[in-house]
Amino acid sequence: MNAIGTIAFREWRTLFLSPLAWVLLAAMGGINAYVHQVLLNEFLENSMRMGMFGGAGVPPLSISADIIAPALGNSAVILLMLVPLMAMRLIADEKRRESWPALASSPVTPMQIILGKYFGLMLFLLVVIGMVALPPLTLFLFGKPDVGRVAAAFLGLILMTSAFGAVGLAASSMTKNPFVAAVAGFGALLMLWIAAWMGDPSGGLLERAVSYISFVTHFENFLKGVISTGDLAYYLFITALALLFARQRLMAERLSG
Amino acid sequence: MAETMIEIVDLTRTYGPLKALDRINLQVARGQVMGFLGPNGAGKTTTMRILAGLLSPSEGTVKVGGIDLIDQPNAARARLGYLPESPPLYPELTVREYLTYLAQLRGVSADRRKSAVDRAMERCGLTHVAGRLLENVSRGYKQRAGIAQAIVHGPDVVILDEPTVGLDPIQIREIRALIRELGGEHSVLLSTHILPEVRMTCDRVAVIAKGKIVAEDSLDGLEARFQHLAALRVRWNAPPALEAVREIAGVGEVEPGAEGWLITPKKGADPTPELVRRSVEQGWDLRELTPTSRTLEEIFLNLTTTEAEQNGSAKEAA
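Enquirer: Requested: an account of the pattern of salt bridges, with residues and values cited.
Expert: Scanning the model with the defined rule gives 31 salt bridges over all chains in all. Close ionic contact of Arg96 of chain A with Asp93 of chain A constitutes a salt bridge, the shortest N to O distance being 2.5 Å. Residue Arg96 of chain A and its partner Asp93 of chain A are both found in helix α4 (residues 89–96); the two are separated by three residues, about one turn of the helix. Arg96 of chain A sits in the exposed class, given a relative accessible area of 51%. Residue class for Asp93 of chain A comes out buried when judged on its relative accessible area of 7%. Close ionic contact of Arg204 of chain B with Glu216 of chain B constitutes a salt bridge, the shortest N to O distance being 3.1 Å. Note that Arg204 of chain B is positioned in strand β9 (residues 204–209) and Glu216 of chain B in strand β10 (residues 212–218), a separation of 12 residues in sequence. Judged by its relative accessible area of 25%, Arg204 of chain B is partly exposed. Its relative accessible area of 29% is what places Glu216 of chain B among the partly exposed residues.

Right under this line is the structure:
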């Protein structure tokens, strides 16, 4: 456990020492603030229109459903692109710049290395999510968003980010080239994302299966404020699977050299 | 004999059909500096990577400080420090941060960590660059930082893979002195193909060629073993006929030359007294008689190349 913490803290510090992390934080913050502003303006326009013409036959507007949920849905798309960029260095870069032997010849198991790297990345990504949370949280000053629903949406975002990070780490364990890792990680995540377009949750077995493996299917439930064991299990399963894959890669490397 | 710190028994490593290591056996005692010689591609780095736990052996056992590397990898690795061919550095860290991180990772307790890092920096001459980023220090300091990380956790065994490659002559001398000093406290396995380095730093030598250990001995022992190959260089003012020399008891091969004749004795024989006596008796006017000992280079070549290859390279040279 000690070794995992040591590696995680080192990784977290290293992320903040790289300009990439700061650039990504800036990009994420800028886009996020812009999207939030657009959604807020739309919300205000709609609410004024409803005030003028009455809301007959239209569902009532809600801050959590009409601003926070779509904003977080949007953040998820940005994270889909950014997390592989943050995760690409984790293992691939250690191999490329040949610092890997210092870690691999230390008394730590491959699982400890993987978990240390993963938690280090997650610590950083939680900072990113914290930044994403700031604009929606300001709405609590001016209105009464549904706390439960907002919390569920954030839980969903954290779980999804965790799965993104684990897949990115797995991609990083496969190569010595961080850019190859970033592209592979992004490709895998995008496939899991767009699987929803092909699938159909009420269709045949295959369509339901394809729909089930997509991130979107499960994330939508969280955005609606629904926390189900099935969706929780899905993200934890993807995360665990990706981490085990990465560990397997490290073990296999010792055999194949 | 002192406690055995590195014990390699029947170690084999294959890469697909290629046999990189073929049943090698090697022992290094506590406090000993063992030179590990061999041409490129002979299996030095493979052996060292297996010892460091980066590669699994295909067959055979490896023990570090009596602990089996396969059964208890973490316990064994805690007693071992490894410097690969290029120092494993984190360029974004300062020298002190880097060593502190690795000391912590290798289980140096918090209260001893600072003194362990200070001591490693002092031994490697890094103290005055402690606060500098690793990416900004010179090649020599990078190499020293690499050695410092291999000893910071006070391991019993230190494995150094070609530690002086790419350094300038002054740095090389300093690093060699450091390695010499490491022996005694640590057991050191040092790979190199620079032979004078072995003479300066090592107690014993193991020579590896084509995945096999072809010799393992003390330096003097190795040279003594090849002493019978040594030749006599003889010069006369009035050189005799070739046959006259050949018939002297104990004389093996005779090569006349302008720089003197090279006379190789038969194994175990010493024709020197007889040569001198005849030279005087028959008036050949002996001017010079020098035993030429085999250099380490020659022994190394003799061990690591087959006769066909030696003839081949002789032809190329001709």
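From this point, things continue past the structure.
Enquirer: I'd like to hear about the pairing of β10 of chain B, residue by residue, with values.
Expert: Residues and elements named next belong to chain B. Here six bridges tie β9 to β10, and the two strands are oriented antiparallel to one another. Directly across from Val205, in β10, lies its bridge partner Asp217. Between the antiparallel neighbours β9 and β10 lie two residues, among them Lys210 with a positive phi of about 50°.

Enquirer: Pulling in residues and values, what's your account of the packing of aromatic side chains?
Expert: Within this structure, the stated rule accounts for 15 aromatic pairs over all chains. Aromatic rings pair up to connect Phe164, Tyr212, Phe215, Phe222, Tyr234 and Tyr235 of chain A into one cluster. We note Arg13 of chain B situated over the ring of Tyr15 of chain B; from NZ or CZ to the ring centre the distance is 4.8 Å.

Enquirer: Describe the nonpolar core, naming the residues involved and giving the relevant values.
Expert: Core analysis: the largest hydrophobic core is formed by 152 residues, its most contacted members being Phe164, Phe215 and Tyr235 of chain A together with Leu189 of chain B. Here this core gets 14 residues from one element, more than from any other, and that element is helix α3 (residues 63–87) of chain A.

Enquirer: Before we move on, can you summarise the sheet that holds strand β13 (residues 261–265) of chain B with the specific residues and values?
Expert: Paired through backbone hydrogen bonds, the strands of a sheet run either parallel or antiparallel to each other. All names here are of chain B. Strands sit in the order β12-β13-β11-β14 across an open sheet of four strands; the sheet is antiparallel. Sheet topology places β12 (251–255) and β14 (286–292) at the edges, where each strand pairs with a single neighbour. The mean angle between the axes of side-by-side strands here comes to 25°, regardless of whether they run parallel or antiparallel. As judged from the three bridges shared by strand β11 (residues 231–236) and β13, these two strands associate in the antiparallel manner. Its bridge partner lying in β13, Val234 is registered against Trp261. Strand contacts of helix α10 (residues 272–281): β11, β13 and β14, with the helix running at about 5° to β11, the strand carrying the most contacts.

Enquirer: Describe in detail the sheet that holds strand β3 (residues 33–37) of chain B, supporting the description with residues and values.
Expert: Residue and element names in this part refer to chain B. Pairing within the open sheet is mixed, and its six strands lie in the order β6-β7-β8-β3-β9-β10. Each edge of the open sheet is held by one strand with a lone partner, namely β6 (80–83) and β10. Going from strand to strand, the sheet's axes swing by 15° on average, the running direction of each strand aside. Note: β3 against strand β8 (residues 187–192), five bridges, orientation parallel. Paired with Gly35 across the two strands is Leu190, which belongs to β8.

Enquirer: Any details on the interface of chain B and chain A? Residues and values, ideally.
Expert: Facing 27 residues of chain B, the contacting portion of chain A comprises 26 residues. Summed over both sides, the interface of chain B with chain A buries roughly 2,400 Å², with 55% coming from carbon and sulfur. It is Arg77, Tyr90 and Leu105 of chain B that lose the most area in chain B upon contact with chain A, and together they represent 24% of the buried surface on that side. Where chain B packs against chain A, one counts two salt bridges. Of the charged contacts in the structure, one is a salt bridge between Arg97 of chain A and Glu92 of chain B, with a shortest N-O distance of 3.1 Å. Put simply, chain B and chain A have 14 residue pairs in polar contact (both at pLDDT 80 or more) between them. Of all the secondary-structure elements, those providing two or more residues to the side of chain B that touches chain A are β1 (4–15), α2 (73–77) and α3 (95–105) of chain B. A per-element tally of the side of chain B that touches chain A places α3 of chain B first, with five residues. Taken together, the residues that form the side of chain B that touches chain A break down as 16 nonpolar, six polar and five charged.

Calculation rules
Residues numbered from 1 in each chain as written. Chains lettered and ligands numbered in written order. Predicted model: local features only at pLDDT ≥ 70, side-chain atom pairs only at ≥ 80, totals over all residues. Heavy atoms only, no water. Salt bridge = Lys/Arg side-chain N within 4 Å of Asp/Glu carboxyl O. Helix = DSSP H or I, 4+ residues; strand = E, 2+ residues; numbered from the N terminus. Buried < 20%, exposed > 50% of the residue type's maximum accessible area, 1.4 Å probe, protein only. Pairing = 2+ DSSP bridges. Phe/Tyr/Trp six-rings, centres within 6.5 Å; stacked < 30°, edge-to-face > 60°. Lys NZ or Arg CZ within 6 Å of the ring centre and 35° of its normal. Core = buried A, V, L, I, M, F, W, Y, C linked by side-chain atoms within 4.5 Å. Axes fitted to C-alpha atoms, helices over the stretch in contact; angles between N-to-C directions. Contact = heavy atoms within 4.5 Å. Buried area = accessible area lost by both parts, 1.4 Å probe. Polar contact = N/O pair within 3.5 Å; in protein donor to acceptor, adjacent residues only side chain to side chain. Nonpolar A, V, L, I, M, F, W, Y, C, P; charged D, E, K, R; others polar.

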